[in-house]
Every structure is written in structure tokens, then in C-alpha cells.
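# Understanding the architecture of this molecule
Given next are the chains, with one letter for each unit.
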Amino acid sequence: MRHLLSAADLDAAFATQVLDTAAEMASLTGREVKKLPTLRGRTVVNLFYEDSTRTRISFEAAAKRLSADVINFSAKGSSVSKGESLKDTALTLQAMGADAVVVRHSASGAPHRLAGWVDGSVLNAGDGTHEHPTQALLDAYTMRSRLGRLAGLRVVIVGDVLHSRVARSNVLLLHTLGAEVTLAGPPTLLPVGVDSWPAKTSYDLDAVLPGADVVMMLRVQRERMGDSFFPSAREYARRYGMDAVRLRALADHAIVMHPGPMNRGMEIAAEVADSPRSTITEQVANGVSVRMAVLYLLLGGHR
Amino acid sequence: MAQLDAAPTHQPGHSGDKVILTGSELGRVVDRLAHQILEKTHGGGETVLLGIPTRGVPLARRLAARIAAFEGAELPVGVLDITLYRDDLRLRAARPVGRTEVPSCGVEGLRVILVDDVLFSGRTVRAALDAMRDIGRPRVVQLAVLVDRGHRELPIRADYVGKNIPTALTETVRVLLTETDGADQVRLASDPAGGAR
């Protein structure tokens, strides 16, 4: 595989190889010397057209632990603000000899276009409301390490599915790996055509919680919304927020996930986010190991 | 020990295939290596065995078992995966990464004996030395190999050698072990495609 553009590109064998490699990478992070020489002399460009802390830092840490050179590019303060197009930026990176481009863009499909313009690997770090495949991989890794397996797991993804690239990538990957996904949220926040996704849907969160092994809360993406998707934040929290009462309805082994950044008090209550059932900080730590695995598997071998 | 022709995972019968060590001979070589380690380390104190995957790992375990049987010394055994330290990663598709298991005593200030099946170019051992540097600073690092087949590309030598086998570059030395291959045997095969490095 040369690019990682969509979770749909991952078959079960390769996805499992990523998770297994990530587990080995994770075992190295406990060491005093965390650096590996594996990608010495390779250049990884972080091309971020949208704000991000977690994902950009995570990719940067992963690349640096593998000894790659990292160039950070954010649209603010670059020639993009002077009107340079994605293609011209891509050609500039190409001329600089980037071995991999990690791209985040507000336009769905931007990484696919980029892949046609550069020789290096393109890694999708989130494109619009489309996909975020490394997030899905790190979520799958977190589920597997907490619960021991993925096949047959019942995963409920809750909230703003419509605007969520995390949800789409997770549904695709979890389906490939044999988990059963249920999407729960208000009808206005489930996308048109959700029936064709390999997942069940429900408008009633309380009905699906008791059978869940994993509950994944999605951030309500108000920056991508007008104001008419639900009546009020309070009403949303009451019907679809994960609070202490709903936490008690879960099975004893069930975990609560959130890709971050959280709206505390809206989709997730502070006491849930900080409870031992929550895997939110684990997800961040696992993100580095998973991205190391992806960078190694895409860049480590020959072309 | 298994019989010589019970090597199901490899296809013998190449015209040039030659058995260098039979199962029982291989057992004696391991015994001798264990004795040599005991002799040179004065009884195996403060010594850790680190096997290099794949076949260095069962070899290290066997050496530890034989050392325990001869003198009762329990040497810690670990696994040192060198995949991420190889200098030939770009020559092939990305290889699967194996697990590194450092014994609980660590390696700091101890004698580490790296164990591998075949010493050839020396590049695996160089990678192992790099990997070692990232897990600690042993007092001394030594190398034990079952077979030294020559053709070094780096200034590296073994401290304990089971058997020296003069080879041509076009030949391949195949070490088979019961744990990984279902039988114990060392074969020399003429391989027109060149040796596996």
C-alpha cells in the first residue's frame, strides 16, 4: 500500500498488521530511548489546512520517534493565505522531496487529489466530513487492547454522525474487522443514505446502551452547523449526552470513547470523561503508536 | 532429536543439498557452545542471553537450558528484534515487526551474549548492536552463533562458534530447528539466486 486515504482501502489482513505493529511500537515507548532509526533521512510533511492539535502533534511525534525529518505546514501564515492552490502547494512539496504528506483539509476528497500530484505517500489526517482513517485505526487499537478482540464487539457510535469523518472511517474499519456498529443520534444528525452503511441506526440512545461493549461519543461539530439541527444544547445533552445515569446503564466491561476535542457537558459529562471507563487519554497515547505503525508500513519498505 | 530427513517446511532434494549437521550432531554442538559459555563467563554469572529472531530465540533458550543442566546456573533469556534497525529495509516491502523482550533484570552493566543461527555478512549483528544501545549499556556484548559461514561485510566476529562452514556466496545455509521447522538439521544448498541475507 502506498497511500492511506480511506478506511475502506484497508482489508482485514493489513488493518490487523497495522494494529499488531502498533502493539510492538507501543512496547518501545516505555523505554528510556524512545527513538528508532527506521525512517532516518525520510521527510514527512504535515500539511494542515484545518486546525488540529492532537492529530498534528501525534503524527509529528510518530514521525520523529522513527527518526524522520518533519516539516510542519499550516495554511495560516503560508502562501495559502496569498491564494496558492492545493496543487501548487503540492508541487512545491514534491520539489522539496517529501516522502510522505500527511494532509488535513476542509474539503472532502482533497487527499485523493493530492495523491495524484505527488510521488510520495499521502496520509489522510481528516478531510472535511469524509474520512479520518488513522483515527479509526487508533480507536480499533484501543478497543482491542481494552477488550481483547474486535470480532463480534458491539459498538455504538453516538451523536453528530452527519459531520463526522471519525464515524464514517470507524464504521468502515470496524465492519471490516468484524465488529457490529450501531449509529445513534437525532434524525437530523444522521446522514442521508446512512441505510447503505454497514451499520444499524437508532434514534433512541437508551435502548441501545445496555447491549454495548463500546460507546463512542462524537463531538457536536457546531462550527460545521447552522443552528437548526437540534433545539438546544441542553436538550441534546438530555437525549444524547453520556452522563452518570447512562454510564450506570452500561455493561460492567463497557468502555466510553471520544475522539476529542470534547464539549464537556454536552455530548459527554465531565464525570464520565474523567471516569476509569473512559479511554480518552489512552486514545491519544495509542494514536502515536498507531501512526508510527502506519508510517513504518507505508515508508519503511521499498517503493 | 528428530531424524534428518524429517524437515517438512523445507524442500530438500535440490541436487546440491548437503547435510552439514544432523539432529544429534546439532545437539552436541549446542552442548559444546553451552560449555564454552560457562568456561568463558566463569560459570555464567551476570550474563544474559538475547536471541535474535527467528532462530536465535530457540537457540538462546536451548543454550540456557543446557547451561542450567550442566551447572545449575539460570541465565535470563530475552528476545532482541532488529527489524527497525536493519540497513536494508528499503530493499524489500516493509517487514513485520517482532517483539523485543528484555529480561526483567535488564542489560545494564551485565554481560550480554547475542545468539543467532548463522553469521554471514555481519549486518544483522550490527543492527542488533544498534538495537542494544537503545535498551541499555551492558558491560560487555558477546556473540554466539551456531554456524559461521564467512563472507563478512563488516568488521564483526563471533565469540562462540558452533561450526565454521566454508561456503560460496551462491550457497545457502539452512538451519532447521524443531521449535520453528519441526526438525533439527543444518543443510547447505546451492542456490543459483544467491544466499539469503
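Quantities reported herein were computed from a predicted structural model and do not represent experimental measurements. (Residues numbered from 1 in each chain as written. Chains lettered and ligands numbered in written order. Predicted model: local features only at pLDDT ≥ 70, side-chain atom pairs only at ≥ 80, totals over all residues.)

## Observations regarding the packing of helix α1 (residues 12-28) of chain A against helix α5 (residues 133-147) of chain A
Residue and element names in this part refer to chain A. Rules: Inter-axis angles, ranging from 0 to 180 degrees, are taken between N-to-C directions of lines fitted to C-alpha atoms, where helices are fitted over the stretch in contact. A run of H or I in DSSP counts as a helix once it spans at least four residues, and a run of E counts as a strand once it spans at least two, with each numbered from the N terminus. Any angle that is under 35 degrees is reported as roughly parallel, and any over 145 degrees as roughly antiparallel; angles of 65 to 115 degrees are reported as roughly perpendicular and all others as oblique. Take the far helix as your reference; a near helix turned counterclockwise from it by less than a right angle gives a left-handed crossing, and one turned clockwise gives a right-handed crossing. For the purpose of contact definition, each residue receives a C-beta atom placed from its backbone, and two residues are in contact when these atoms lie within 7 Å. Polarity classes work like this: nonpolar for Ala, Val, Leu, Ile, Met, Phe, Trp, Tyr, Cys and Pro, charged for Asp, Glu, Lys and Arg, and polar for all others, with Gly in that last group.
As a packed pair, α1 and α5 sit with axes 10 Å apart at the nearest point and diverge in direction by 65 degrees. Taken together, α1 and α5 sit at an angle that is classed as roughly perpendicular. Handedness of the α1/α5 crossing: right-handed. Contact with α1, carried on its side by Ala15, Val18, Leu19 and Ala22, involves Leu137, Ala140, Tyr141 and Arg144 of α5 and no other residues of that element. Its residues assigned to classes, the contact of α1 with α5 comprises seven nonpolar, no polar and one charged.

## Comments concerning the sheet that holds strand β9 (residues 255-257) of chain A
Residue and element names in this part refer to chain A. For clarity, the cut-off: For two strands to be treated as a pair, DSSP must find no fewer than two bridges joining them.
Strand order in the open sheet formed by five strands is β7-β6-β5-β8-β9, and the pairing between neighbours is parallel. What marks the edges here is a single partner per strand, and that holds for β7 (200-202) and β9. Neighbour-to-neighbour, the strand axes of the sheet open up by a mean angle of 25 degrees, direction not taken into account. For strand β5 (residues 154-158) and strand β8 (residues 214-217), the ladder comprises four bridges, and the chain directions are parallel. Each residue of the ladder has a partner; that of Ile157, found in β8, is Met216. Contacting β5, β6 (180-184) and β8, helix α6 (residues 165-176) runs over the sheet at an angle of about 155 degrees to β6.

## Regarding unusual backbone geometry
For clarity, the cut-off: With C-beta atoms placed from the backbone, a residue is labelled by how many other C-beta atoms lie within 10 Å of its own: buried for 20 or more, exposed for 12 or fewer, partly exposed between the two.
Omega for the peptide link from Gly260(A) to Pro261(A) comes to -10 degrees, which places this bond in the cis form. Within the secondary structure, Pro261(A) sits in the loop between β9 and α10 (270-273). Going from Pro53(B) to Thr54(B), the amide bond is cis rather than trans, its omega being 0 degrees. Within the secondary structure layout, Thr54(B) lies in the loop between β2 (47-51) and α2 (56-71). Located in the positive-phi region is His151(B), a residue other than glycine, with phi close to 65 degrees. The topology assignment puts His151(B) in the loop between β5 (140-148) and β6 (160-164). For His151(B), a count of 16 C-beta atoms within 10 Å gives the class partly exposed.

## Looking at the domain arrangement of chain A
Often the size quoted for an interface is simply the accessible area lost on bringing the parts together. All names here are of chain A. Basically, it comes down to this: Here the bounds of each domain stem from an automatic or database domain assignment.
When the domains of chain A are assigned, the result is domain 1 (7-131 + 284-299) and domain 2 (133-279). One C-alpha centre belongs to domain 1, the other to domain 2, and the line joining them spans 25 Å. Listed by partner, the interface residues are 24 residues for domain 1 and 20 residues for domain 2. For the side of domain 1 that touches domain 2, the secondary structure elements donating two or more residues are α1, β4 (121-127) and α11 (280-299). Considering only residue class, the side of domain 1 that touches domain 2 consists of 12 nonpolar, seven polar and five charged.

## Some details on the packing of helix α2 (residues 54-65) of chain A against α11(A)
All names here are of chain A. As a packed pair, α2 and α11 sit with axes 8 Å apart at the nearest point and diverge in direction by 50 degrees. Regarding the angle of α2 to α11, the classification is oblique. α11 is crossed by α2, and the crossing has right-handed handedness. Packed against α2, whose contacting residues are Arg54, Ser58, Phe59, Ala61, Ala62, Ala63 and Arg65, the element α11 presents Val284, Gly287, Val288, Arg291, Met292 and Leu295 at the interface. Residue classes in the contact of α2 with α11 are distributed as eight nonpolar, two polar and three charged.

## Things to note about the environment of Met262(A)
Residue and element names in this part refer to chain A. With respect to the helices and strands, Met262 occurs in the loop between β9 and α10. Judged by the 18 C-beta atoms lying within 10 Å of it, Met262 falls in the partly exposed class. Separated by 45 residues in sequence, Met262 and Met217 place their C-alpha atoms 9.0 Å apart. In contact with Met262, other than residues within four places in its own chain, are Arg219, Ile268 and Ala273.

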